[in-house]
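Fold and geometry: a report
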Amino acid sequence: MGCVQGKYASTNSPSRGLDKLKQEHGYAAKRGEKEDGGVAGNGEKVVNRVGETVRSNDANGNVSQKHASKKIVGDDQVVDGWPKWLVDNVPFEVLSGLVPKSADSYDKLAKVGQGTYSNVYKARDKDTGKIVALKKVRFNTAEPESVKFMAREIMILQRLNHPNIISLEGLATSRMQYSLYLVFDFMQSDLSKIISRPGDRLTEPQIKCYMQQLLSGLEHCHEIGILHRDIKGSNLLIDSNGVLKIADFGLANIFNPKPKRPLTSRVVTLWYRAPELLLGSTDYGVGVDLWSAGCLLAEMFAGRPIMPGRTEVEQLHRIFKLCGSPSEEYWKKMKLPASFRPPQHYKPGYYEEFGDFPSSSFDLLTMLLNLDPSYRGTAASALQTEVSSKHHFIYLYI
Ligand code: ADP
Ligand code: MG
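Fair warning: this is a prediction, and the values are worked out from it, not measured in the lab.

With that settled, the discussion passes to helix 5 (residues 144-159). Between the first and last C-alpha of helix 5 there are 23 Å, a value that for 16 residues agrees with the 22 Å anticipated at 1.5 Å per step. Counting buried residues in helix 5 gives twelve out of 16 residues, a clear majority hidden from the surface. Among all positions in helix 5, only Glu145, Ser146, Val147, Phe149, Met150, Ala151, Arg152, Glu153, Ile154, Met155, Ile156 and Leu157 are buried.

This is the structure we're talking about:
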């Protein structure tokens, strides 16, 4: 009893303009840009693409640069099958467990995606004929931070193992050029393309099915201490059977409660960004991903993003219009400066905004889109609700 979906429209992801806007307005720093954050245990700084400094010994798992035998091949050296320029620039642990492949062993068929930091190609493995996705990540050895950031994405992908999370199948490199490709199974579409198909609204069972899969994937990330920090439609890939997989761990982080260190609030694409991030919180948690999941649940019903703010200030106002103005307790509890208080008082607008949606989803929406992250619960608790229970876990046929 699967729900039949129409063919995919080849629409471009609407988030592309937002990514540009995000950079123009400084919502996401360009790679290598630095900000707050401490120094890792071994004194080495590791900075991600929004410039966040992370401990090399938590995110990188006690990084050590022990490399194996070097073999000279022609002009360029190969170390354990990897080009020397790569092993010289990433921790050994990043590559362990991965089979070195040459970029030449794939035929690029088409460019299928372009994010802020990468190009994604549909490609064929020349040996096996398998169709894969190659994510070419920008790699510039002159910018050590950009390299470490890329290494963290690979390491986080290697820690994850769940049917609703994209799995890293391998790494392909080009010996002469500094090109690095992450190899994934090819996925037909992504949730933002599916939502924006003209004249084709998702049905309630379809929405529930995608939501169940998104929450299951998030539950796994959070269980092993990973915050995704960029949940949005274009990062949720969908295969031809309707299986949803969370992708793009480029902004993800491993949260380490001890010792607590400040996290950057410059994460998550603006429309999906939780209020505590907009208000500058640096000790947030799983609630930021749950907020984004709530935005997506509402977006699937509405057929369009529900809070498309153009600036951080406008975004906050849209949030306050939906959730109501924060109470005195909220400011105290969140330990946030009062300077962000809205000039006018808003009553909660959930009924106006979500009144047309099926009543079974209303409770989950108001839970996930709560100003206070502690009321958003967890991915595991959201999975217990009517909307996303296993009962609705029927694959969609596309
Ligand atoms: P970025 O960090 O640049 O945003 P993503 O990993 O989000 O990179 O990939 C950008 C886009 O490429 C995605 O939104 C999606 O449309 C496409 N894409 C990524 N991975 C795959 C895949 N495995 N199969 C098919 N398309 C993909
Ligand atoms: Mg992306």
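That was the structure; now back to the text.
Following both chains from N to C, one finds helix 7 (residues 204-223) and helix 9 (residues 287-302) inclined at 170 degrees, their axes separated by 10 Å at the closest point. It follows that helix 7 is roughly antiparallel to helix 9 by the angle criterion. Side by side, helix 7 and helix 9 meet where Glu204, Ile207, Tyr210, Met211, Leu214, Leu215, Leu218 and His222 of the first sit next to Asp289, Leu290, Ala293, Leu296, Leu297, Met300 and Phe301 of the second. Across the contact of helix 7 with helix 9, the residue classes tally to twelve nonpolar, one polar and two charged.

Within this structure's numbering, the places UniProt gives as "binding site: ATP" (unreviewed entry) are Lys135. Looking at the element boundaries, Lys135 is found in strand 9 (residues 131-137). For Lys135, a relative accessible area of 10% translates into the label buried. Once you skip the residues sitting within four places of it in the chain, Lys135 turns out to touch Ser118, Asn119, Val120, Glu153, Leu180, Tyr181, Leu182, Phe184 and Asp248.

It is worth spelling out unusual backbone geometry at this point. Backbone geometry at Asp248 places phi at a positive 60 degrees, although glycine is not the residue there. Take Asp248: its relative accessible area is 18%, and that puts it in the buried class. Here Val268, not a glycine, exhibits a phi torsion of approximately 75 degrees, which is positive. Along the chain, Val268 falls in the loop between strand 16 (253-254) and helix 8 (275-278).

As a structural note, the neighbourhood of ligand 1 is formed by 21 residues, with Ser118, Lys135, Ser234, Asn235 and Asp248 the closest of them. Within the side chain of Lys135, a nitrogen or oxygen atom sits 2.8 Å from an oxygen atom of ligand 1. Within the backbone of Asp185, one N or O atom sits 3.0 Å away from a nitrogen atom of ligand 1. The protein chains hide 92% of the 550 Å² of surface that ligand 1 would expose on its own. If you list the elements that add at least two residues to the shell around ligand 1, you get strand 7 (106-114), strand 8 (118-125), strand 9 and strand 11 (179-185). A breakdown of the residues in the shell around ligand 1 according to their chemical character gives nine nonpolar, six polar and six charged. Split by domain, the residues of the shell around ligand 1 number at least three in each of domain 1 (23-185) and domain 2 (189-397).

With that out of the way, let us pick up the coordination of the magnesium ion (ligand 2). Donor atoms from the polypeptide that coordinate the magnesium ion (ligand 2) comprise Asn235 (OD1) and Asp248 (OD), at 2.1 to 2.2 Å from the metal. Here Asn235 is found in the loop between strand 13 (226-227) and strand 14 (236-238), whereas its partner Asp248 is found in the loop between strand 15 (244-246) and strand 16, with 13 residues between them in sequence.

Another aspect to go through is the nonpolar core. Counting residues in each nonpolar core, the largest one holds 100 residues, and the members touching the most others are Val90, Ile154, Leu214, Ile246, Phe249, Phe354 and Leu369. A per-element tally of this core places helix 9 first, with eleven residues. Taken domain by domain, this core gets at least three of its residues from each of domain 1 (23-185) and domain 2 (189-397). Not counting the four nearest positions on each side in its chain, Phe354 is found in contact with Ala298, Ile306, Leu322, Phe362, Leu365 and Leu369.

Inspection of the secondary structure puts Gly170 in strand 10 (residues 168-174). Between the alpha carbons of Gly170 and Leu182 there is a distance of 6.3 Å; along the sequence they are twelve residues apart. Ignoring any residue separated from it by four or fewer positions in sequence, one finds Gly170 in contact with Leu98, Tyr181, Leu182 and Val183.

About the cut-offs
- Residues numbered from 1 in each chain as written.
- Chains lettered and ligands numbered in written order.
- Predicted model: local features only at pLDDT ≥ 70, side-chain atom pairs only at ≥ 80, totals over all residues.
- Heavy atoms only, no water.
- Helix = DSSP H or I, 4+ residues; strand = E, 2+ residues; numbered from the N terminus.
- Expected span 1.5 Å × (residues − 1).
- Buried < 20%, exposed > 50% of the residue type's maximum accessible area, 1.4 Å probe, protein only.
- Axes fitted to C-alpha atoms, helices over the stretch in contact; angles between N-to-C directions.
- Parallel < 35°, antiparallel > 145°, perpendicular 65-115°, else oblique.
- Contact = heavy atoms within 4.5 Å.
- Nonpolar A, V, L, I, M, F, W, Y, C, P; charged D, E, K, R; others polar.
- UniProt positions renumbered as here; feature names shortened; annotations may be inferred.
- Near = heavy atom within 4 Å.
- Polar contact = N/O pair within 3.5 Å; in protein donor to acceptor, adjacent residues only side chain to side chain.
- Areas by Shrake-Rupley, 256 points an atom, 1.4 Å probe, with all protein chains shown as cover.
- Domains from an automatic or database assignment.
- Donors = N, O, S within 2.8 Å, 3.2 Å for Na, K, Ca; no water.
- Core = buried A, V, L, I, M, F, W, Y, C linked by side-chain atoms within 4.5 Å.

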